[in-house]
Amino acid sequence: MSSRSDGVFYLTTPIYYINAPPHLGHAYTTIVADTMARYHRLAGDDVWFLTGTDEHGDKIAQAAAKAGETPQALADRISSAFKVEWQALGIENNDFIRTTEPRHARVVQAILQDLFDRGEIYFGKYGGQYCYGCERFYTEKEIVDGKCPDHQTPLVYIEEENYFFRMSAYQEWLRRYLEKHPDVVQPDRYRNELLGFLREPLQDLSISRPKSRLQWGIPLPFDDRFVTYVWFDALLNYVSALGGLGDARFRRYWPHVHHLIGKDILKPHGIYWPCMLKAAGLLREEESDDTGLPGFARLRVNGYWTIGGAKMSKSVGNVVEALALTRKYGNDAFRYFVLREMPFGQDASFSEEAFVERLNADLANDLGNLVSRATTLIAAHAAKAPAGNVLTQDPDLEAAFRKAREAIEVAMAEFACHRALVGIWEFITAINQYVDSQQPWALAKKPDQTDRLIAVLGTLAEALRCLGLLLVPFVPEAAARIRVAVGDRTEATLAAADYGRPWRTPEDLLAVQRLTGLFPRVDTKGPAATAEPAKAGPAAGAVPRITIDEFKRLDLRVAEVLAAEPVPKSKKLLKLTIRLGEETRTLVAGIAEHYRPEALVGRKVVVVANLEPATLMGVTSNGMVLAGSAGDTLALLALDRDLPSGAKVR
Ligand code: MSP
């Protein structure tokens with residue numbers, strides 16, 4: 001079942017708890033969301049992509065107490081770790097909401113007050129078995145051996161006076177609603193699961209916690225002895241982040257909302273949330289209800305990653321390492337692996353071996369080799385093109401392309417990124433087969449076959465141009481490199497991926513640059529898998545190896561630039577004053593043509609701290625700043641998260 005976007009697409013991820021730093025599971029949902037958002041942007045839709053952090057409640061208060069800090073300090077620290085991680089992963093969200101922000105509390109309180117005024121919320125007493133980990137009461141039916149079925153920890157009986165939302169009143173409505181609109185919850189098995197829950201009587205929902213037990217929450221607007229139950233608070237982020245009911249942004253995006261969630265939080269999103277929205281008048285009931293405001297609150301549910309077959313667990317220590325593989329193999333490879341390996345909605349197992357296998361087979365071999373051999377051939381022979389347009393059509397390739405486009409469209413309507421990738425890879429296989437069957441290297445040896453050669457190269461250039469566009473949502477960095485290599489400087493749009501226009505001129509072909517090492521193959525034969533260096537510069541491979549002990553003789557450190565000024569009479573040199581831990585030093589760097597001095601002040605750089613001093617243009621330099629360069633471009637090494645000056649780099 002597809003979900004129409006009508007040119008506007010509002011996509012949310014769960015807001016993540018800040019009791020632990022981001023891991024593979026959070027990253028997966030966020031990457032799927034980012035891919036969907038990029039796909040819809042490519043299709044020309046107006047996209048709003050929201051993520052954020054869930055910062056109130058017992059769980060957080062307890063984690064803060066354990067860490068010996070205030071809940072706010074914990075929230076600030078971990079929330080910024082999520083932001084930094086998403087930046088490092090290249091996630092392009094439009095907004096990041098934190099539930100401790102005033103913009104959120106304002107909307108939560110307004111909705112609570114409205115529901116209270118309309119009798120949807122009442123004061124009452126409830127006693128039951130409570131799990132602090134889940135922050136909810138469990139019914140007798142759900143309890144397994146007296147324990148929480150999720151955490152396997154003993155439940156605690158608590159009885160207290162609280163405010164309740166009349167959720168039971170919506171049971172019958174919700175059942176009919178889910179039955180009538182299969183598209184509301186997908187994949188289907190999760191809708192069935194919800195219908196299963198609804199076969200049991202639905203209880204009213206306790207939406208408050210007494211301040212005597214928990215202070216860390218949003219105060220109820222109508223009784224300040226209570227704070228709001230964390231789920232009632234958290235779910236409303238999807239509304240508050242759009243500015244609340246009266247806001248223009250809310251009016252624009254809300255009717256098109258899609259919530260991407262993991263299967264662990266199906267019940268709050270599939271039961272509490274639609275009932276809350278229905279009570280608040282924010283949920284559409286009929287397809288034909290075209291008032292433009294309430295949305296369907298569609299749920300798209302992903303499965304769960306296990307690591308090497310085991311449940312992800314902080315105590316096993318496998319949680320952090322999976323995400324660290326982005327540093328080892330790059331964001332695109334990581335994105336590709338998680339998107340391709342997990343059929344959307346089902347569980348999958350994560351292992352470095354499986355990752356490296358796909359990296360080598362699909363990315364290095366199929367995609368990387370294709371790009372490398374095609375661009376190499378074009379760059380070598382483009383100059384032979386005669387005047388006039390270059391033919392870029394081949395019926396088989398064109399058919400393969402159309403099939404891929406269709407597969408992508410159907411798959412992406414279902415959030416099934418894995419199937420979209422299968423479709424793209426079939427196109428890659430078809431292009432590879434085209435190269436094999438046409439043998440352009442053989443044509444290049446026969447002067448009477450030049451026209452044919454150029455037609456083959458033109459066809460390849462056009463196929464790669466389209467491939468570069470199709471790959472944008474999935475492997476954005478590689479896609480950008482392919483597009484640059486084929487000389488495509490236009491804005492990336494799905495509409496431009498229209499294989500088969502005989503538009504290439506000889507100049508177009510001459511603009512194609514050789515692109516090798518897009519995804520370097522990982523050597524799996526050694527004791528530890530290591531990525532081969534990308535063969536980018538001429539020196540790679542010609543440099544002698546060093547031992548780890550030789551490397552350790554370098555004292556590499558993080559340093560903060562305190563001041564920067566030009567070295568008199570020098571075009572290239574800047575004099576930098578840096579802080580290295582407790583010490584202040586002067587050093588000279590040949591970066592004046594690439595950086596303005598004032599842009600460097602306050603930056604953290606990496607320096608070789610134990611270099612023999614040297615005097616350059618009259619200034620003594622006590623160390624060296626590290627930078628990379630390629631052609632005319634020079635880039636200083638930067639940290640992807642903050643470290644104190646003086647920190648060791650290894
Ligand atoms: N704060 C709540 C959500 C509130 S939304 C209004 C929460 N946070 S969480 O930090 O526990 O994140 C849960 C989400 O992280 C899951 O729904 C899922 O999207 C993602 N994942 C966490 N572990 C995961 C796996 N092992 N595998 C796949 N996704 C996982 O629940």
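Residues numbered from 1 in each chain as written. Predicted model: local features only at pLDDT ≥ 70, side-chain atom pairs only at ≥ 80, totals over all residues. Heavy atoms only, no water.

Draft legend 1. Representation of the overall build of the protein chain. A count of helical and extended segments in the protein chain gives 21 helices and 28 strands. In terms of overall dimensions, the protein chain is globule-like: its C-alpha atoms have a radius of gyration of 29 Å, near the 26 Å expected for 650 residues. Along the first, second and third principal axes, the C-alpha atoms of the protein chain reach 85 × 65 × 50 Å. For the protein chain, the residues scored as buried account for 51% of the 650 residues in total. Long-range pairs, those at least 24 residues apart, make up 74% of the contacts in the protein chain with a sequence separation of at least 6. As presented, the protein chain carries roughly 29,200 Å² of accessible surface, and 52% of it is formed by carbon and sulfur atoms. When the 77 basic and 82 acidic side-chain charges of the protein chain are each reduced to a single mean position, those positions are 3 Å apart. (Helix = DSSP H or I, 4+ residues; strand = E, 2+ residues; numbered from the N terminus. Rg over C-alpha atoms; globule rule 2.2 N^0.38 Å. Buried < 20%, exposed > 50% of the residue type's maximum accessible area, 1.4 Å probe, protein only. Contact = heavy atoms within 4.5 Å. Areas by Shrake-Rupley, 256 points an atom, 1.4 Å probe, with all protein chains shown as cover. Lys, Arg positive; Asp, Glu negative; His and termini not counted. Charge placed at Lys NZ, Arg CZ, Asp CG, Glu CD.)

Draft legend 2. Structural view of the side chain of S240. Turning to its location among the elements, S240 is positioned in helix α8 (residues 237-240). Here S240 falls in the buried class, since its relative accessible area comes to 1%. Contact partners of S240, with chain neighbours within four places excluded, come to I97, R103, H104 and V107.

Draft legend 3. Layout of the site of the ligand. Taken together, 23 residues lie near the ligand, and I15, T29, D54, D264 and W305 sit nearest. Contact between the ligand and H26: an oxygen atom at 3.3 Å from a side-chain N or O atom of the residue. Between the ligand and W305 there is a distance of 2.8 Å, counted from a nitrogen atom to a backbone nitrogen or oxygen. Summarising the interface, the protein chains cover 94% of the accessible area of the ligand, which totals 670 Å² for the free molecule. When contributions to the shell around the ligand are tallied by element, the ones reaching two or more residues are β1 (8-17), α1 (24-42), α7 (230-235) and α8. Counting residues per element, the shell around the ligand draws most heavily on β1, at 4 residues. Broken down by class, the residue content of the shell around the ligand amounts to 12 nonpolar, 9 polar and 2 charged. (Near = heavy atom within 4 Å. Polar contact = N/O pair within 3.5 Å; in protein donor to acceptor, adjacent residues only side chain to side chain. Nonpolar A, V, L, I, M, F, W, Y, C, P; charged D, E, K, R; others polar.)

Draft legend 4. Inspection of the packing of aromatic side chains at higher detail. Applying the stated criterion to the full structure yields 38 aromatic pairs. Ring geometry for W305 versus F350: centroids 5.8 Å apart, planes at 75°, classification edge-to-face. Placement of the pair is W305 in strand β14 (residues 305-307) and F350 in strand β16 (residues 348-350), with a sequence separation of 45 residues. What makes W305 buried here is its relative accessible area of 3%. What makes F350 buried here is its relative accessible area of 3%. Considering the side-chain rings of Y329 and F355, the 5.0 Å spacing of their centres and the 45° angle between planes classify their relative orientation as tilted. Of this pair, Y329 sits in helix α11 (residues 318-329) while F355 is found in helix α13 (residues 352-381), placing the two residues 26 residues apart along the sequence. Grouping residues by exposure puts Y329 and F355 together as buried. One aromatic cluster is present, formed by Y10, W48, Y238, F250, Y253, W254 and W273 through successive ring pairs. (Phe/Tyr/Trp six-rings, centres within 6.5 Å; stacked < 30°, edge-to-face > 60°.)

Draft legend 5. Spatial organisation of the packing of α1 against helix α12 (residues 331-341). Where α1 contacts α12, the axes come no closer than 10 Å and their chain directions differ by 95°. If you check the angle between α1 and α12, you find them roughly perpendicular. Contacts between α1 and α12 involve L24, Y28, I31, V32, D34, T35 and R38 from the first element and F334, R335, V338 and L339 from the second. Counted by class, the contact of α1 with α12 contains 7 nonpolar, 1 polar and 3 charged residues. (Axes fitted to C-alpha atoms, helices over the stretch in contact; angles between N-to-C directions. Parallel < 35°, antiparallel > 145°, perpendicular 65-115°, else oblique.)

Draft legend 6. Representation of the pattern of salt bridges within the structure. One pass over the structure, following the stated rule, counts 38 salt bridges. Here R41 and E92 are joined by a salt bridge, their closest N and O atoms 3.9 Å apart. A residue pair is termed long-range when its members are at least 10 positions apart, and R41 in helix α1 and E92 in the loop between α3 (71-88) and β3 (95-98) qualify at 51 residues. For R41, a relative accessible area of 28% gives the class partly exposed. Here R176 ties to E172 by a salt bridge, and the two come within 3.9 Å at their closest N and O atoms. One end of the pair is R176 and the other is E172, both in helix α5 (residues 171-180) and 4 residues apart, which spans about a single turn. On the basis of relative accessible area, E172 is assigned to the partly exposed category, the value being 38%. Sharing partners across several salt bridges, the network here consists of D34, R38, R41, E92 and R335. (Salt bridge = Lys/Arg side-chain N within 4 Å of Asp/Glu carboxyl O.)

Draft legend 7. Examining the sheet that holds strand β5 (residues 136-138) more closely. In space, the 4 strands of this open sheet follow the order β5-β4-β6-β8, with antiparallel pairing throughout. The open sheet has two free edges, formed respectively by β5 and β8 (205-206), since each of these has just one partner strand. Sheet topology note: the strand β6 (residues 156-165)/β8 ladder contains 2 bridges and is antiparallel. Residue F165 lies in a different strand from β8, and its bridge partner there is L205. (Pairing = 2+ DSSP bridges.)

Draft legend 8. Region of interest: α3. The first and last C-alpha atoms of α3 sit 25 Å apart over 18 residues, in line with the 26 Å expected at 1.5 Å per residue. Every buried residue of α3 is accounted for by L74, A75, I78, S79, F82, E85 and W86. The arc that holds every buried residue of α3, seen down its axis, measures 120°, which confines them to one face. G90 lies just past α3 and shows a positive phi near 75°. (Expected span 1.5 Å × (residues − 1). Arc of directions from axis to C-beta.)

Draft legend 9. Spotlight on the environment of R340. Mapped onto the elements, R340 comes out in helix α12. Judged by its relative accessible area of 21%, R340 is partly exposed. Not counting the four nearest positions on each side in its chain, R340 is found in contact with R358, D362, H418, L421 and V422.

Draft legend 10. Representation of the nonpolar core within the structure. With 114 residues, the main nonpolar core has W305, F350, L367, I424, F427 and L467 as its most contacted residues. For this core, the leading source of residues is helix α17 (residues 450-470), giving 12 residues. With residues up to four places along the chain from it excluded, the contact list for F350 reads L24, W305, T306, I307, G308, A322, L325, F334, F337, V338 and F355. (Core = buried A, V, L, I, M, F, W, Y, C linked by side-chain atoms within 4.5 Å.)

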